[in-house]
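Results of the structural survey
These are the residues of each chain, in order.
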Amino acid sequence: MINLVTPKLNYKNGLLHFEEVNLCSLVTTYSTPLYVYSRNQIVENFLEYKKALNKRKHLICFAVKANTNYQVLRIICSLGGGADVTSGGELYRVIKAGISPKKIVYAGVGKTKEEIMFAIKNGIFLFNIESKDEAILINTVAKSFRKKVDVAIRVNPEVSTGAHYHISTGEEGTKFGIPIDELIEFARYILYECKNLNLIGLHYHIGSQICLLKPFVDAAKKVVKEIHKLSQIGVKIKYIDIGGGLGIRYKNERPPTPQSLILRLFEIIPEELTIICEPGRYIVGNAGVLITKVLYHKKVKNKNFLIVDASMTDLIRPAFYGAYHNIVPLSVNREQLTMNYYDVVGPVCETSDFLGKNRYLPDIPNGEYLVIETVGAYGFVMSSNYNSRCRAAEIMVNGKQHYLIREREDYKDITKNEYKC
Ligand code: LLP
């Protein structure tokens, strides 16, 4: 009757457990809304990628934008992972978490001078350059440090992915990367005009939550072709960064596994190249749940609303992308509850503040809890203080154990920067 999509979630005696931790006990101690992550799921997901890539020279750079919690980054670090960062703030976090700068790649269309200086000072592995203006600035900063820095060009292979248009980056006309037909000219520019840049890689990232193999295959083929052309103008590419983007199961999607994706790419990518990949969602997506309390029932005409204490400020994906997240009750212990269709909505003053629409759920009373699944990626990191709401606490479970990995914010936390002035 109740379908779960999260591998490490299961009901024991009617109570939802994550790994072996009873989620009811966490709610009693830490209140709601509450993010909970499974350490072992993160490890398994990472090792799946690692196993798939093992036969080739490779580096897995976790796309930390998906989840920047310090303890999550510590897990990645302990597994030998690197990081794909997209801002000075992310760079600061991953260095703090102990990830070697030699394993950090830095993408993003708007790196500032300060961010570039910070990255060069820390000796990161690779800048993924996205425009000529950026190449000029990185070259100038590198020169001022009397350094030659390693760079890759982010190329836009112009393939369509079938994913939501907000998260498709590799289609024609987006702001990301250098259009593929301008790549050779751009490489020549770096080669001859940017003496402090060492062009050794090509990078592409075509989008996110991609559930088909074809876009990955099409993009790889296009980019590998360019590597041959580049060698003819004297550019020796050593690294190919295939980005992230592999989809996961939120409802009934059947995305390829890392194994099947990588094996197929091995057929396209020449053996001498080191493969860098940047999975984000795959590593953490199904390792997180969000627990929320039912505050009120409300009936408007024929529609039933469940008003809960989590909102778009905690999880914006439904409001922003129309994303589906499975919602289940925390406890199914009581005698045969009747079921009904509900819109699960939050307290924020926006019509778009919903977490799920038209969900068939047991008629649980006010004060009981719901669990929103598959929120480990782009969940907490996209949360905000809109409506002066305090951000949730985060917990990590590991077998029977759990630990608090981020305290719940309070009113002082959300106002302190103003009172300082
Ligand atoms: N590399 C680059 C350069 C990226 O821009 C991204 C994600 C990734 C890697 C990781 O992609 P993943 O493996 O996680 O699909 N907020 C959206 C997703 C935005 C993704 C942005 N870039 C969401 O909630 O679906």
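Look up a bit, the structure's there.
Not measured: the values here are computed from a predicted model.

Okay, the pairing of strand E20 (residues 393-398) next. Look at any regular strand and the pattern is simple: side chains alternate between the two faces of the sheet. By the criterion of burial, E20 is predominantly enclosed, with five of the six residues buried. Here strand E4 (residues 34-38) pairs with E20 via five bridges, running parallel. Residue pairing for E20: Tyr37 is matched across the bridge by Met396. Two strands pair when backbone bridges link them, and E20 and strand E21 (residues 401-406) are joined in this way by five bridges, in the antiparallel orientation. If you follow Asn398 over to E21, its bridge partner there is Gln401. Linking E20 to E21, which pair antiparallel, is a turn of two residues; within it Gly399 sits at a positive phi near 65°.

Let us look at the state of the cysteines. Tallied over the entire structure, the rule returns zero disulfides. Left unpaired, Cys61 is separated from the closest cysteine sulfur, that of Cys277, by 7.6 Å. On the basis of relative accessible area, Cys61 is assigned to the buried category, the value being 0%. Free cysteine Cys390: the closest other cysteine sulfur is in Cys349, separated by 15 Å.

Packing of helix H7 (residues 183-193) against helix H8 (residues 214-232) brings their axes to within 10 Å, and their N-to-C directions diverge by 45°. Classified by the angle their axes make, H7 and H8 are oblique. Between H7 and H8 lies a crossing of right-handed hand. Contacts between H7 and H8 involve Leu183, Ile184 and Ala187 from the former and Glu226, Lys229 and Leu230 from the latter. Looking at the contact of H7 with H8 residue by residue, the classes come out as four nonpolar, no polar and two charged.

Residues Tyr49, Phe127 and Ile240 are the most contacted members of the largest nonpolar core, which totals 104 residues. Top element by residues in this core is H8. It accounts for eight residues. Both of domain 1 (9-38 + 285-419) and domain 2 (107-279) provide at least three residues apiece to this core. Here Phe127 is in contact with Tyr106, Lys111, Ile116, Ala119, Ile120, Ile138, Val149, Asp150, Val151 and Ala152, once residues within four sequence places are set aside.

Calculation criteria
Residues numbered from 1 in each chain as written. Predicted model: local features only at pLDDT ≥ 70, side-chain atom pairs only at ≥ 80, totals over all residues. Heavy atoms only, no water. Buried < 20%, exposed > 50% of the residue type's maximum accessible area, 1.4 Å probe, protein only. Helix = DSSP H or I, 4+ residues; strand = E, 2+ residues; numbered from the N terminus. Pairing = 2+ DSSP bridges. Disulfide = S-S within 2.5 Å. Axes fitted to C-alpha atoms, helices over the stretch in contact; angles between N-to-C directions. Parallel < 35°, antiparallel > 145°, perpendicular 65-115°, else oblique. Left-handed = near helix turned anticlockwise from the far one by under 90°. Contact = heavy atoms within 4.5 Å. Nonpolar A, V, L, I, M, F, W, Y, C, P; charged D, E, K, R; others polar. Core = buried A, V, L, I, M, F, W, Y, C linked by side-chain atoms within 4.5 Å. Domains from an automatic or database assignment.

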